[in-house]
Amino acid sequence: MGRSDDDLELLCKAGGAIDGGLFKAAGFVFKGETWRPGEEGCCKLVVEPGPAA
């Protein structure tokens, strides 16, 4: 849609931060690796049980 790689990287980081906050609030551990310019594919999202599990 005409966005630069830098814009896309920032949007992915913002989305990852939102995901992280939601999963943490729900009691999970969230590990997200967002897309970066020059990489293939998309984001890798890992959700694990939290400390109370």
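What counts, and where the lines are drawn
Sequence positions are assigned chain by chain, starting from 1 and proceeding in written order. Local features are withheld for residues below a pLDDT of 70 in this predicted model, meaning they are given only at 70 or higher, and side-chain atom pairs are given and counted only at 80 or more; totals for whole chains, interfaces and linings count all residues. Side-chain numbers come from the whole structure's heavy atoms, not from hydrogens or water. Criterion for a salt bridge: a side-chain nitrogen of Lys or Arg within 4 Å of a carboxyl oxygen of Asp or Glu. Helix and strand labels come from DSSP, where a helix needs a run of H or I of at least four residues and a strand needs a run of E of at least two; each type is numbered from the N terminus. Here the term buried applies to any residue with accessible area under 20% of the maximum for its type, exposed to any over 50%, and partly exposed to those in between, with areas from a 1.4 Å probe on protein chains only. Stacked, tilted and edge-to-face are the three classes assigned to paired rings of Phe, Tyr and Trp, where Trp is represented by its six-membered ring and a pair needs centres within 6.5 Å; plane angles under 30 degrees give stacked, over 60 edge-to-face, the rest tilted.

**Considerations on the pattern of salt bridges**
Right, so step 1: Enumeration according to the criterion identifies 3 salt bridges in this entry.
Right, so step 2: Across the pair lysine 31 and glutamate 48 runs a salt bridge whose closest N-O atoms are separated by 3.1 Å. Taken together, the residues span a long stretch of sequence, with lysine 31 in strand 1 (residues 28–33) and glutamate 48 in strand 2 (residues 44–49) at a distance of 17 residues.
Right, so step 3: Judged by relative accessible area, which is 42%, lysine 31 ranks as partly exposed.

**As for the packing of aromatic side chains**
Right, so step 1: A complete count under the given rule lists 2 aromatic pairs for this structure.
Right, so step 2: A centroid spacing of 6.4 Å and a plane angle of 85° characterise the contact between phenylalanine 23 and phenylalanine 28, whose relative ring orientation is edge-to-face.
Right, so step 3: Taking the centre distance of 5.6 Å and the plane angle of 5° together, the rings of phenylalanine 23 and phenylalanine 30 count as stacked.
Right, so step 4: The partly exposed category is assigned to phenylalanine 23, whose relative accessible area is 29%.

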